[in-house]
Amino acid sequence: MQYFDIFLFALIAVFLVLRLRGVLGRRTGNEKQNQSDVFGRQKHEDNGSTAQNGAAPQTDNVYRLPDSENADAQSDVPSGTFATLQKIQKADPSFTQQDFLNGARMAFEMIVEYFAKGDKDALNPLLSAEVYKNFSAAIDARSEKGEHEETTLVGIKSATIHDASFEERTAYVTVKFVSEEVSVIRNAEGDVVSGDPNQVVEAEDLWTFARNTQNNDPNWQLVATETPEDETSE
């Protein structure tokens, strides 16, 4: 009976351990610590492990950029952009293509939604001063006419890195978004003055995000918007 009790308690202990692992997860040493911002980047606390230049220390959970000799791995970005992305990651080891694109998708959805709602306070931290000025002016002009916009983002079909540059300490990454949207503008009476509420339109946009890689603030800001047609005509 004594051995049976010990065996029974051992089984209960194993069961509890497995249950805890199922609820809390198993730590491997590669987990991302602290809360992530909208671009999926870590907000590191100042615990003495941060590098002297303010960049997050390089850890095993960083997705490495593919080697320059691996042509297949470069197929998702323009050839001239690949070397620049490597420079950006060297200056900011926490930068990864996948995390950046995941965050860019989230930012795209948020900015489209906030602009349609006319929520300038929510837009402000996501945009550079110049872009915010333009967005704010458009919202004010719409309000003065007594119009409001209704935009439904059906989905983002693709988001790919289109271009990148690195000037002094600031990284610039341009993302090409292909999205499907339903967008209409209504007047004060609720009548449609622009767009079709029953039509899904495919849109292509080039959005450029920027961040000072030496800044402790992990957030990227939208600094320019254009369409592929605008780029072609230049």
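You'll find the structure just up there.
Every chain's residues receive numbers from 1 upward, in the order its sequence appears when written. Residue-level local features of this predicted model are given only where pLDDT is at least 70; pairs of side-chain atoms are given and counted only at 80 or more, and the full residue set underlies all totals for whole chains, interfaces and linings. Just so you know, side-chain values use all the structure's heavy atoms and leave hydrogens and water out.

Next up on the list: the overall build of the chain. Check the secondary structure of the chain and you find six helices and five strands. In the chain, the succession of α and β elements from N to C terminus is α-α-α-α-α-β-β-β-β-β-α. Burial classes: relative accessible area under 20% of the type maximum marks a residue as buried, over 50% as exposed, and values in between as partly exposed (1.4 Å probe, protein chains only). Taking all 234 residues of the chain together, the buried fraction comes to 32%. In what follows, a contact means two residues having at least one pair of non-hydrogen atoms within 4.5 Å. When contacts within the chain are restricted to residue pairs at least 6 apart in sequence, long-range pairs at least 24 apart make up 60% of them. Per-residue and other accessible areas follow the Shrake-Rupley method at a 1.4 Å probe size, with only the shown protein chains counted as cover for residues. Accessible surface computed for the chain: about 14,600 Å², of which carbon and sulfur atoms make up 49%. Note on conventions: DSSP H or I runs of at least 4 residues are helices, E runs of at least 2 residues are strands, and numbering of each starts at the N terminus.

Turning our eyes to something else, we now look at the pairing of strand E4 (residues 201-212). Any two strands with at least two DSSP-identified bridges between them are counted as paired. Across twelve bridges, the pairing between strand E2 (residues 170-186) and E4 is antiparallel. Residue pairing across strands places Ala 171 opposite Arg 211, the latter belonging to E4. With five bridges joining them, E4 and strand E5 (residues 221-226) adopt antiparallel strand pairing. Bridging across to E5, Trp 207 finds its partner in Thr 225.

Below, the discussion takes up the pairing of strand E3 (residues 192-195). With three bridges connecting them, E2 and E3 associate as antiparallel partners. Directly across from Ile 185, in E3, lies its bridge partner Ser 194. What sits between the antiparallel neighbours E2 and E3 is a turn of five residues, in which Gly 190 has the positive phi angle 90°.

It is worth spelling out the nonpolar core at this point. The criterion is simple. A nonpolar core is a set of buried Ala, Val, Leu, Ile, Met, Phe, Trp, Tyr and Cys residues joined through side-chain atoms within 4.5 Å. Judged by nonpolar contacts, the single largest core of 31 residues is most densely connected at Phe 100, Phe 177 and Phe 209. Top contributing element to this core by residue count: helix H3 (residues 97-117), with eight residues.

Once that is clear, we can look at the pattern of salt bridges. One side-chain nitrogen of Lys or Arg within 4 Å of one carboxyl oxygen of Asp or Glu is enough to make a salt bridge. Within the structure shown, the criterion is met by seven salt bridges. Two residues, Lys 120 and Asp 140, come together in a salt bridge whose shortest N-O distance is 2.9 Å. In this pair, Lys 120 sits in helix H4 (residues 120-123) while Asp 140 sits in helix H5 (residues 129-144), placing the two residues 20 residues apart along the sequence. Judged by relative accessible area, which is 30%, Asp 140 ranks as partly exposed. The salt bridge involving Arg 142 is made with Glu 149; its shortest N-O contact spans 2.8 Å. For the pair formed by Arg 142 and Glu 149, the shared burial category is buried.

Turning our attention to the packing of H3 against H5. In this analysis an axis means a line fitted to C-alpha atoms, helices contributing only their contacting stretch, and an angle means the value between N-to-C directions, from 0 to 180 degrees. Where H3 contacts H5, the two axes come as close as 9 Å, and the packing angle between them is 35°. Contact with H3, carried on its side by Ile 111, Phe 115, Ala 116 and Lys 117, involves Phe 135, Ala 138, Ile 139 and Arg 142 of H5 and no other residues of that element. Gly counts as polar in this scheme, as do all residues outside two lists: the nonpolar Ala, Val, Leu, Ile, Met, Phe, Trp, Tyr, Cys and Pro, and the charged Asp, Glu, Lys and Arg. The class makeup of the residues in the contact of H3 with H5 is six nonpolar, no polar and two charged.

This paragraph deals with the side chain of Arg 142. Mapped onto the elements, Arg 142 comes out in helix H5. From its side chain, Arg 142 meets the backbone oxygen of Phe 115 in a polar contact 2.7 Å long. In this structure Arg 142 touches Phe 115, Ala 116, Lys 117, Gly 118, Glu 147, His 148 and Glu 149, once residues within four positions along its chain are discounted. Residues adjacent in sequence count toward polar contacts only when both atoms are side-chain atoms; beyond that, a polar contact is any pair of N or O atoms within 3.5 Å, and within protein one must be able to donate a hydrogen and the other to accept it.

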